Amino acid sequence: MKKILLLVLLILPFSVHASGDIGIPAKGGFPEYLFLEKVSEAEANSTAEMIAKAIALGRLVIFAQMGKLTDPELGDKGFTGAVFLSQWESSLEAEFMGASPAQQRIIDKLLWAGKLSMDNNQDRLNVKGVKWKHFLPAKWARETGLMFNSRTGIVTKQPSINYRHPSNAPDAKEIEVLTKLIKAGKDAKPVGEYAMMGKQKVYRYFDPIYLMPPCLACHGKPKGELDMLGFEKDGFEDGDLIGVISVAVPVK
Ligand code: HEC
């Protein structure tokens, strides 16, 4: 009996971790003061909407250049951060009219991050002799989001049904929203609601992303066939919802 008790006492400290407790999110969360940019509740929805719209438009600006960017004959593509920024800014002009000072500061930081993300990819983009260099609208948006987050605390993501990049894995809320939006199909509307991120209240906003014909080379049919980057195609069709631009804006 004593021997068994001793054995249990010896094993106990190890079994705490051996029983599936690894990889669990730590409880609690970052304090409020670490969220650098905050907006009032009155501006929460319009701010999130602006950010999502700007990311969607930035994605389109890059999308329009994909032919050139994937041309293996070309070395220097000339699509620098500055060139990208000027095109992005002109596509955005109408979106930011009437932005408040707090919103303008956020927009400026987003423009800064988007330009930097483009600059950071120049070496990759200007390689000659390779068609696909792993630069895509989704990658630009992901890397922009990281730098934007550093300077604002605002979180942006592109959670999708079948995600390729691990940082786009949908969380529980995003799975719920995606399920709802898939059901709504073409009538899906953006969804917004308040939530807590650690100790900080945030406004979470989810804007649907739909597929266009050129996207189908990778996200289309036949499902399971390898695309040119080596991922299995998703099996989607033109106009299908693939995911959302997910934005979490800290509120005062
Ligand atoms: C050449 C293949 C290819 C094409 C074409 C393509 N994608 Fe993707 N897509 C990818 C890859 C690879 C990623 C992961 C990029 C990353 O974050 O590094 C991705 C990521 C995404 C994501 C984020 C979720 C995830 O999987 O990480 C969305 C949303 C998305 N793509 C939508 C689109 C849309 C919309 C189009 C057309 C406008 C498109 N894709 C065209 C390959 C492609």
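Everything below is about the structure printed above this text.
Everything numeric here is computed off the predicted structure, so don't read it as measured data. (Residues numbered from 1 in each chain as written. Predicted model: local features only at pLDDT ≥ 70, side-chain atom pairs only at ≥ 80, totals over all residues. Heavy atoms only, no water.)

Draft legend 1. Structural context of the overall build of the chain. In terms of helices and strands, the chain carries nine helices and four strands. Along the chain, helices and strands appear, N-terminal first, in the series α-α-α-α-α-α-α-β-α-β-β-α-β. Overall, the chain is about 75 × 45 × 40 Å in size when its C-alpha atoms are taken along their principal axes. Residue burial in the chain is summarised as follows: out of 252 residues, 41% are buried. Expressed as a percentage of contacts within the chain between residues at least 6 apart in sequence, the contacts between residues at least 24 apart total 68%. Counting only carbon and sulfur atoms, one obtains 62% of the accessible surface of the chain, whose full area is about 13,900 Å². Where the 32 positive side-chain charges of the chain centre and where its 29 negative ones centre are 6 Å apart. (Helix = DSSP H or I, 4+ residues; strand = E, 2+ residues; numbered from the N terminus. Buried < 20%, exposed > 50% of the residue type's maximum accessible area, 1.4 Å probe, protein only. Contact = heavy atoms within 4.5 Å. Areas by Shrake-Rupley, 256 points an atom, 1.4 Å probe, with all protein chains shown as cover. Lys, Arg positive; Asp, Glu negative; His and termini not counted. Charge placed at Lys NZ, Arg CZ, Asp CG, Glu CD.)

Draft legend 2. Layout of the packing of helix H4 (residues 81–92) against helix H5 (residues 101–120). For the pair H4 and H5, interaxial distance at closest approach is 8 Å and the crossing angle is 140 degrees. Where H4 crosses over H5, the two elements pack in a sense that is right-handed. Between H4 and H5, the contacting residues are Gly81, Ala82, Phe84, Leu85, Trp88, Glu89 and Leu92 on the first element and Leu110, Leu111, Gly114, Lys115, Met118 and Asp119 on the second. (Axes fitted to C-alpha atoms, helices over the stretch in contact; angles between N-to-C directions. Left-handed = near helix turned anticlockwise from the far one by under 90°.)

Draft legend 3. Summary view of the packing of aromatic side chains. This model, assessed by the stated rule, comprises five aromatic pairs. Aromatic side chains Phe79 and Phe84 sit 6.1 Å apart centroid to centroid with 80 degrees between the ring planes, which places their arrangement in the edge-to-face category. Phe79 sits in the buried class, given a relative accessible area of 3%. Residue Phe84 is classed as buried on the basis of its relative accessible area of 0%. On the basis of an interplanar angle of 90 degrees and a centroid distance of 5.2 Å, the ring pair of Trp88 and Trp140 is categorised as edge-to-face. With a gap of 52 residues between them, Trp88 in helix H4 and Trp140 in helix H7 (residues 137–152) connect regions that are remote in the sequence. Taking relative accessible area as the criterion, Trp88 reaches 0% and is therefore assigned buried. A relative accessible area of 0% means that Trp140 is categorised as buried. The ring of Trp112 carries the charged tip of Arg151 above its face, separated from the ring centre by 4.6 Å. Stacked on the ring of Tyr194, the Lys or Arg Lys201 has its end atom at 4.6 Å from the ring centre. (Phe/Tyr/Trp six-rings, centres within 6.5 Å; stacked < 30°, edge-to-face > 60°. Lys NZ or Arg CZ within 6 Å of the ring centre and 35° of its normal.)

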